[in-house]
Amino acid sequence: MITSKQAEEQLQSLKASKEAAQLIWNSFEEGGITIHTPFELNGTSHAFTTLIQLDADVINYFPDVGGEDLTKYTRKMGNIAQRHWYEVEFAFYKLGSSRKLWYLLSDVILWVSNAITLLYVVDFNNILVSLGWFSIPFITAFFRKKVLKFLSPKLLRLSFDIKKIGEWLFKKLQKEELKKSDV
Amino acid sequence: MENSLKSLASELLTLEVNTIFKENTTGAKMPINKRIALRDIIERYRKVLIEYGVAYRVGQPNESTDKQGYNKAVLRNIGAGEYSYIEVKHAAQGGKEYYESLQSKMQTDEDLEYLKNRIQMLYRIERQSSGMIGLFKNQRQKYQSEIKANKEGFDDSFNDKGSASDQMYPSQFGSHRWNNDITLAEMNQVEPLELETDQITAIRKAWELGTQQVLLQTVVQIDGDVTSYLTPKFVHMPADLRTMVMNFHQSSTNEATTHWSSLFKVLADLTGQAFSSLFGKK
């Protein structure tokens, strides 16, 4: 049984996820999330800026304070850089908290698609055949964890091996072609 | 949407962290109208090509060759569409080859470094322009049926309308629905380009990087290879500033790598869930 405190916590975390999803959605339209920390040095405006893109690429702008005597401002610049960095970390944290919502959405989509598929295969005139169909998910659910545990690392390793062999073959072919063209 | 997600997933195979030294970091935002953003990008490229002496704008007072007799590329297109980016790409490519041929003639290390910086910038212009050409090729593909049906605003080919060789090409308004070789006033009037998320991300990257000099770059590959580039400008910085920039770059690389791996985890979990759904209830 879920307690009201647990329910409240779940709700809060989903709310945070929603905000993060909103952040991601905005960056879909703008190509990234910008974190901007402005400051003044001797009456001139400068800023530290970081752009986080959807593919996780990052572009940092370090302000070129040009004519200023940097030795005088190293400490101040260091503090502002630190403050900017906290803001960037918070943005990354918020992006990370969207996971819960994605999982929830994917669960809903999968449940709906599974339900539609099962309803489609049900033959109401032949209950026995239908029961046969229904037994498949239950049997596979029983073996699922073992299959996944066994297959996942092997598949991952295999894909890296294939990539390495492919690269090696490609280089070999290139070398052969170069040799041919030299001849 | 499906294609853009696929494209984003393939972009996830490498992680790139760039640190740029920038004057006037007052936070100008990329224009909401992507047509204008594309124009901002190409105008900066054109400016650099002219400044480097490898191209000139037709009709403007400028020599068509430099002191060494290099035939500069002519910039005749207006706007920021496929034809403009092809023109800029060729100018950058020619300029890069020309500068590369000059490398052996440089007498001091400083001159050589100066030339190498320019070669790098021309290479970036060439590469980013290629990306934009690809973007418009995708647009062509997307609107294939409208283009074939000769619908209004979907012209397939370039139309110079008989302009003389010493004149700018006219606006390609006939292809404005998929392209952007039109005047600034037209860009503000016509409907925005319909772009996918990965295309917007690419435009944003090109807009942000522009022609700024990258100080530090770290590229992390999916198979664990990490490559870092330090530019001479960074190496020659005062020690305090260099440490600060380095720490800044280092922190963002760490954070981005963590975020990157968590993105992978989400993807892996979601695909794992899809896989699990084949085998039954979670």
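Quick caveat, the model's predicted, so the values are computed rather than measured.

Caption draft 1: Layout of the pairing of strand β4 (residues 214-221) of chain B. All names here are of chain B. Strand direction decides the pairing type here: strand β1 (residues 14-22) and β4, joined by seven bridges, are antiparallel. Considered in β4, the bridge of Thr-14 is made with Gln-221. Pairing of β4 with strand β5 (residues 226-230) involves five bridges; the strand directions are antiparallel. Residue Val-219 lies in a different strand from β5, and its bridge partner there is Thr-227. Taking the residues that link successive antiparallel strands as the turn, the β4-β5 hairpin has four residues, and the phi of Gly-224 there is positive, at about 100°.

Caption draft 2: Structural view of the packing of helix α4 (residues 109-142) of chain B against helix α7 (residues 197-209) of chain B. Residue and element names in this part refer to chain B. Interaxial distance between α4 and α7 falls to 11 Å at its minimum, and their mutual angle equals 155°. It follows from the interaxial angle that α4 and α7 lie roughly antiparallel. Crossing handedness for the pair α4 and α7: left-handed. Seen from α4, the contacting residues are Gln-128, Gly-131 and Leu-135; seen from α7, they are Gln-199, Ala-202 and Ala-206.

Caption draft 3: Seen up close, the confidence of the model for chain B. All names here are of chain B. Mean pLDDT for chain B: 85, with 88% of residues reaching 70 or above. Confidence, expressed as mean pLDDT per element, reaches its minimum in chain B at helix α1 (residues 2-11) with 56 and its maximum at helix α3 (residues 82-102) with 96. Our summary of model confidence lists the complex with pTM equal to 0.71 and ipTM equal to 0.76.

Reading the values: rules and limits
Residues numbered from 1 in each chain as written. Chains lettered and ligands numbered in written order. Predicted model: local features only at pLDDT ≥ 70, side-chain atom pairs only at ≥ 80, totals over all residues. Pairing = 2+ DSSP bridges. Helix = DSSP H or I, 4+ residues; strand = E, 2+ residues; numbered from the N terminus. Axes fitted to C-alpha atoms, helices over the stretch in contact; angles between N-to-C directions. Parallel < 35°, antiparallel > 145°, perpendicular 65-115°, else oblique. Left-handed = near helix turned anticlockwise from the far one by under 90°. Contact = placed C-beta atoms within 7 Å. pLDDT = per-residue confidence, 0-100.

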